[in-house]
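Chain residues, written in single-letter form:
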Number of protein chains: 2
Amino acid sequence: MLIRRPEQVEPQPMTMPGAMGVAMRLMIGRTDGAPTFAMRLFEVAVNGHTPLHQHNYEHEVIVLEGEGLVTGGVGGHTIRPIKPGDVVYMPANEIHQFRNTGQQPLRFYCLIPTTFDCGKACQPTPGS
Amino acid sequence: MLIRRPEQVEPQPMTMPGAMGVAMRLMIGRTDGAPTFAMRLFEVAVNGHTPLHQHNYEHEVIVLEGEGLVTGGVGGHTIRPIKPGDVVYMPANEIHQFRNTGQQPLRFYCLIPTTFDCGKACQPTPGS
């Protein structure tokens, strides 16, 4: 088994177009041997946001700290507040975005199928 | 999208042999349409524990509250403390157990491949 803490993982700035003030820590992923899904910890700075985008895989999110708005829905027309303790299921193909509207960093775990933990569709790991 | 809070989900006692004082909330699962992995929130009472067992799929865990010991390893011989903020990757086939050794409930998220979110190998959802 592997036990890891966020402070042991270097945050990577999210460079995807449309992202602002977002850093990601890959807590569990393909390089750890995880075969099915990957766990990433996001921190969105005050006034920051993830890109407004869509893709053909789902997100499962756990909000830890801060407050914000999440956009979702097939057309991206649904906007709802999020706060610590909330869990968000974002199905594949919904247009979505996470925005920090509070006065402190917005921190949340976001899990995705392992195939996509490099930020795009990756080639399967040999043997997986 | 779906936004849900733990208090909106009825906890289910874990009745698996070897479990003591464990309740589970299925936060996101097959019935929500999640195709790949399921999110469960566990609460282990003081002196309680999950079963010492093994299976052919992995766990990814986020510790929220409390303190405890986690057993892992191929032979189940590795025992390490866990505390809030820790992330645990338990590969398939390791003998594992989570024990509450603190003075308050031990709460953690545990995610698994969706196929197993009913507590055993389920039949695939039609269309998934």
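So, how was this worked out
- Residues numbered from 1 in each chain as written.
- Chains lettered and ligands numbered in written order.
- Predicted model: local features only at pLDDT ≥ 70, side-chain atom pairs only at ≥ 80, totals over all residues.
- Heavy atoms only, no water.
- Contact = heavy atoms within 4.5 Å.
- Buried area = accessible area lost by both parts, 1.4 Å probe.
- Salt bridge = Lys/Arg side-chain N within 4 Å of Asp/Glu carboxyl O.
- Polar contact = N/O pair within 3.5 Å; in protein donor to acceptor, adjacent residues only side chain to side chain.
- Helix = DSSP H or I, 4+ residues; strand = E, 2+ residues; numbered from the N terminus.
- Nonpolar A, V, L, I, M, F, W, Y, C, P; charged D, E, K, R; others polar.
- Pairing = 2+ DSSP bridges.
- Core = buried A, V, L, I, M, F, W, Y, C linked by side-chain atoms within 4.5 Å.
- Buried < 20%, exposed > 50% of the residue type's maximum accessible area, 1.4 Å probe, protein only.
- Phe/Tyr/Trp six-rings, centres within 6.5 Å; stacked < 30°, edge-to-face > 60°.
- pLDDT = per-residue confidence, 0-100.
- Least-squares fit on C-alpha atoms with pLDDT ≥ 70 in both.

With 41 residues of chain B in contact, the opposing surface of chain A contributes 41 residues. Taken together, both faces of the contact between chain B and chain A bury some 3,400 Å²; the carbon and sulfur share is 64%. Counting the contacts that link chain B with chain A gives 2 salt bridges. In this structure, A:Arg5 and B:Asp86 form a salt bridge, with 2.7 Å as the shortest nitrogen-oxygen distance. Scanning the region where chain B abuts chain A turns up 14 residue pairs in polar contact (both at pLDDT 80 or more). Contributing elements (two or more residues each) for the side of chain B that touches chain A: strand E1 (2–4), strand E3 (20–28), strand E4 (37–49), strand E5 (59–65), strand E6 (68–72), strand E7 (78–82), strand E8 (87–90) and strand E10 (106–113) of chain B. Across the side of chain B that touches chain A, the residue classes break down as 26 nonpolar, 6 polar and 9 charged. Examined bridge by bridge, strand E8 (residues 87–90) of chain A and E1(B) share 3 bridges and lie antiparallel to one another. Across the sheet, the residue bridging to A:Val87 is B:Arg4, located in E1(B).

The tendency in soluble globular proteins is for nonpolar side chains to be buried side by side. Within the largest apolar cluster, 26 residues are counted, with the highest numbers of intra-cluster contacts made by A:Met39, A:Tyr109, B:Met39 and B:Tyr109. Listing elements by their share of this core, those giving two or more residues are strand E3 (20–28), strand E4 (37–49), E8 and strand E10 (106–113) of chain A together with E3, E4, E8 and E10 of chain B.

Here we come to the packing of aromatic side chains. Per the stated rule, a full pass over the model turns up 5 aromatic pairs over all chains. Relative to B:Phe108, the ring of B:Phe42 lies with its centre 5.4 Å away and its plane at 10 degrees, an arrangement referred to as stacked. Pair noted here: B:Phe42 is in strand E4 and B:Phe108 is in strand E10, with a separation of 66 residues, a long-range link. Each member of the pair, B:Phe42 as well as B:Phe108, is classed as buried. Members of the aromatic cluster, each reached through a chain of ring pairs, are A:Phe42, A:Phe98 and A:Phe108.

All names here are of chain A. The predicted model of chain A averages 92 in pLDDT, with 91% of residues at 70 or higher. Residue range residues 124–128 is modelled with pLDDT below 50. Its contacts to residues more than four positions away, or to other chains, number 2 contacts. Complex prediction metrics read pTM 0.92 and ipTM 0.91.

Placing chain B over chain A gives an RMSD of 0.0 Å and needs a rotation angle of 180 degrees, together with 0.0 Å of translation along the axis. As the rotation angle and translation indicate, the two copies are arranged about a two-fold axis. Looking at chain B, 100% of its interface residues are interface residues in chain A too, so the copies touch through the same face.

Quick look at the pairing of E8(B) now. Residues and elements named next belong to chain B. Neither face of E8 is left uncovered, since the one carrying Val87 and Tyr89 and the one carrying Val88 and Met90 both have all their residues buried. Note that E5 and E8 share 4 bridges and pair antiparallel. Counted as the bridge partner of isoleucine 62 is valine 87 from E8.

Residue and element names in this part refer to chain B. Note on placement: threonine 50 falls in the loop between E4 and E5. From its side chain, threonine 50 meets the backbone nitrogen of phenylalanine 98 in a polar contact 2.8 Å long. Apart from the residues within four sequence positions on either side, threonine 50 is in contact with Gly18, Ala19, Val22, Val44, Gln97, Phe98 and Phe108.

Excluding glycine, residues mostly have negative phi values, and the peptide bonds linking residues are mostly trans. Residue and element names in this part refer to chain A. Notably, asparagine 93 is not glycine yet its phi reads approximately 75 degrees, a positive angle. Locating asparagine 93 in the fold gives a position in the loop between E8 and strand E9 (97–100). Classification of asparagine 93 by relative accessible area gives partly exposed; the value is 42%.

A separate point is the pattern of salt bridges. Across all of its chains, the model carries 10 salt bridges over all chains by this definition. A salt bridge links A:Arg5 to A:Glu7, with the nearest nitrogen and oxygen atoms 2.9 Å apart. With a relative accessible area of 56%, A:Glu7 lands in the exposed category. Its salt-bridge partner being B:Glu43, residue B:Arg107 comes within 3.4 Å of it at the nearest N-O pair.

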